[in-house]
Amino acid sequence: MAFSFRKLSKRFFIIANLLVSMLFLLACLQPWLNPETFWLISFLSLTIPYLCIVLLAFVLFWFFFKIKYVLISIITLLLGWQQLSVLVATHNPDFSKRKPSSTNQLRIFTWNVKAMKGNGAQDPKTLRETTRNMYALIKAYRADVVCFQEFGQFDKPHEGHDNIQWMKELGFPYYVMSKDYSRVAWKYTSGVAIFSRYPIVFKKRVPFTSSPESLLFADIAWKKDTIRIFTSHLQSYKLLGNDFAHLEQAAGNNSEQLVEASSNIFQKMKRAFRNRGAQADQIRPILDSSHYPAIFCGDVNDVPGSYAYWQLRGSNWQDAFLKKGFGIGRTYMGLVPTLRIDYIFANPKWEVTQCATVPSNYSDHLPVVADLQLLK
């Protein structure tokens, strides 16, 4: 009886190890499988860090009980090394706010600012204080170029809402804004924006075919060169508090409502995966067509293991955080602690000298800042 139990237990752990390995390898195929077709595998990209932890746990387990089975997890992890290599950065954790003395270095700052409204509902006085704190944070890093996502502006701004004027007062007189969304009743527009201390000599908005949002870029006369800055906000899941509230209510009461609430979340995520795949495919050739030293900054709304990440990073562009950052680089404060979804990508004409996520609690996203040196 004891022998049969040991045999059964060993088979159970072998099968479990193989199943986790299969899921991990399927998730690692994401860079080559467009979610417009293979959207189901996109869900697995969110689980890569956790599958990796489970595989390492199996390595430890088999080391003590049957060492030859360690090879199952080790071979799996080696096959998925490309995906593992983008999870953690191992460089200097300290970012110097002092700008480099080199005249060939550009500091760029990108942030999803959630319309400068802060994290959660606030009374008007607190909201104004939050907005001031956000601009103080931007000022402290003394960037040359700032990219915003979910940036809003009132056509007839009242106190605390003239975000363009606030940026001008910080020393960014040149800007371009996409105005993807418009609230006619409030005379309010929102989208992505690029602010620069240096003149913008050309600008263009490229609307997405899959959503109202867009890719925005600006050619900037920087020093004796012209550089091109891209920014965008790719399709979000658009999950609301009500979606999770309905799920919690249904979980204890009605199985039909539970299925309906779960299906609603599932469909929103499916649509987001597919749209981001289409948007990344639309953006990639535009990035490649730039003859100028180019940088892409944006809220991609997807993790490093995703199709959108690999498409936007391309074959030879650099992920600034992986080049010079430290840790997992979490940029989204909701849901799970492993979501790095905001990026700075630079083409080979740049060398990344430092990069970091900026600690703050003013938005549901953390800013990312990087110094890049133009190669001559």
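As shown above, the structure is provided for reference.
Rules used in this analysis
- Residues numbered from 1 in each chain as written.
- Predicted model: local features only at pLDDT ≥ 70, side-chain atom pairs only at ≥ 80, totals over all residues.
- Heavy atoms only, no water.
- Core = buried A, V, L, I, M, F, W, Y, C linked by side-chain atoms within 4.5 Å.
- Buried < 20%, exposed > 50% of the residue type's maximum accessible area, 1.4 Å probe, protein only.
- Helix = DSSP H or I, 4+ residues; strand = E, 2+ residues; numbered from the N terminus.
- Contact = heavy atoms within 4.5 Å.
- 1 Å grid on protein atoms, 1.4 Å probe; cavity = no way out; pocket = protein on both sides within 12 Å on 5 of 7 lines; lining within 4 Å.
- Points joined across faces, edges and corners; volume = space filled by probe spheres on them.
- Nonpolar A, V, L, I, M, F, W, Y, C, P; charged D, E, K, R; others polar.
- Pairing = 2+ DSSP bridges.
- Polar contact = N/O pair within 3.5 Å; in protein donor to acceptor, adjacent residues only side chain to side chain.
- Salt bridge = Lys/Arg side-chain N within 4 Å of Asp/Glu carboxyl O.
- Patch = residues over 30% accessible without salt bridge, like charges linked within 9 Å, V, L, I, M, F, W, Y side chains within 5 Å.
- Areas by Shrake-Rupley, 256 points an atom, 1.4 Å probe, with all protein chains shown as cover.
- Arc of directions from axis to C-beta.
- Phe/Tyr/Trp six-rings, centres within 6.5 Å; stacked < 30°, edge-to-face > 60°.
- Lys NZ or Arg CZ within 6 Å of the ring centre and 35° of its normal.

Enquirer: So what exactly am I meant to see when it comes to the nonpolar core here?
Expert: General note: in soluble globular proteins, nonpolar side chains tend to be found buried as a group. Counting residues in each nonpolar core, the largest one holds 49 residues, and the members touching the most others are Ile108, Ile229, Ile295, Phe296 and Trp350. With six residues, strand β8 (residues 214-222) is the single largest residue contributor to this core. The residues contacting Phe296, other than those within four sequence positions of it, are Leu215, Phe230, Thr231, Ser232, Leu287, Leu312, Trp317, Tyr343, Ile344 and Phe345.

Enquirer: What should I look at first to understand empty space enclosed by the protein in this one?
Expert: One simple way to see leftover space: roll a probe sized like a water molecule over the atoms. This model, assessed by the stated rule, comprises one cavity of 30 Å³ or more. Put simply, the largest cavity is a space of about 40 Å³. Lining the largest cavity are Gln30, Pro35, Ser42, Phe273, Arg276, Gly277, Asp302, Ser306, Tyr307 and Ala308. Elements represented by at least two residues in the lining of the largest cavity include exactly α9 (255-288) and α10 (307-313). Per element, the largest residue contribution to the lining of the largest cavity is three residues, and it comes from α9. Here the lining of the largest cavity is built from residues that sort into four nonpolar, four polar and two charged.

Enquirer: Can you help me understand the pairing of strand β10 (residues 294-299) in this one?
Expert: Regular strands place side chains that alternate from one sheet face to the opposite one. Burial analysis of β10 places six of its six residues in the buried class, which makes it a mostly covered element. Residue alternation in β10 divides its side chains into two sets, Ala294, Phe296 and Gly298 and Ile295, Cys297 and Asp299, and both sets are buried. As judged from the six bridges shared by strand β9 (residues 225-233) and β10, these two strands associate in the parallel manner. Within β10, the position partnered with His233 by the bridge is Asp299. Bridge count for β10 against strand β13 (residues 342-346) is five bridges, and the pairing is antiparallel. Its bridge partner lying in β13, Cys297 is registered against Ile344.

Enquirer: Looking at this structure, I do not really get the sheet that holds β8. What am I missing?
Expert: Spatially, the six strands line up as an open sheet ordered β7-β8-β9-β10-β13-β11, and their pairing is mixed. The outermost strands of the open sheet, each flanked by one partner alone, are β7 (200-207) and β11 (318-319). In this structure, β7 lies alongside β8, joined through seven bridges in antiparallel fashion. Note on β8: the bridge partner recorded for Ile200 is Ile220.

Enquirer: For this particular structure, what's the right way to read the side chain of Asn347?
Expert: Inspection of the secondary structure assignment puts Asn347 in the loop between β13 and β14 (350-357). Accessibility expressed as a relative area gives 5% for Asn347, which makes it buried. Here the side chain of Asn347 touches Tyr292 through a polar contact of 3.4 Å, landing on its backbone oxygen. Apart from residues lying up to four places away in sequence, Asn347 is in contact with Tyr292, Pro293, Ala294, Trp317 and Gln318.

Enquirer: Mind showing me how you'd approach the pattern of salt bridges here?
Expert: Should the charged atoms of two oppositely charged side chains come close, the side chains can pair. Scanning all chains against the criterion turns up seven salt bridges. As a salt-bridge pair, Glu129 and Arg132 come within 3.6 Å of each other at their nearest N and O atoms. Here Arg132 and Glu129 lie together in helix α6 (residues 124-141), a separation of three residues that amounts to about one turn. Notably, a salt bridge pairs Asp219 with Arg228, separated by 2.6 Å at the nearest N-O pair. The two residues Asp219 and Arg228 agree in class, both being buried.

Enquirer: When you look at a nonpolar patch on the surface in this model, what are you seeing that I'm missing?
Expert: Taken together, Leu60, Phe63, Phe64, Phe65 and Ile67 make up a surface patch of nonpolar side chains, about 620 Å² in accessible area. Relative to the assigned elements, Ile67 resides in the loop between α3 (48-65) and α4 (70-79). By relative accessible area, Ile67 is classed as exposed at 55%.

Enquirer: Would you mind showing me how to read α4 here?
Expert: Residues three or four positions apart in an α-helix share a direction because the helix packs 3.6 residues into each turn. Every buried residue of α4 is listed here: Val70, Ile72, Ser73, Thr76 and Leu77. Considered in projection along α4, the buried side chains sweep an arc of 165° and stay on one side of the axis. Facing away from the buried side of α4 by over 90 degrees, the exposed positions are Leu78 and Leu79.

Enquirer: So what exactly am I meant to see when it comes to the packing of aromatic side chains here?
Expert: Two aromatic rings, taken as a pair, are described by how far apart their centres are and by the angle between their planes. In the structure shown here, the tally under the stated rule is 27 aromatic pairs. A ring pair is formed by Phe151 and Phe195, whose centres lie 5.5 Å apart and whose planes are at 65°; its orientation type is edge-to-face. Placement of Phe151 in strand β3 (residues 145-154) and of Phe195 in strand β6 (residues 188-196) is noted, with a sequence separation of 44 residues between them. Overall, Phe151 belongs to the buried group, its relative accessible area being 0%. On the basis of relative accessible area, Phe195 is assigned to the buried category, the value being 0%. Their ring planes at 45° and their centres at 6.1 Å tell us that Phe202 and Phe217 sit as a pair that is tilted. In this pair, Phe202 is assigned in strand β7 and Phe217 in strand β8, connecting sequence segments 15 residues apart. For Phe202, a relative accessible area of 42% translates into the label partly exposed. Through successive ring pairs, a cluster of aromatic residues spans Phe12, Phe13, Phe61, Trp62, Phe65 and Tyr69. Note that Lys270 overlies the ring of Trp39, its terminal NZ or CZ placed 4.4 Å from the centroid.

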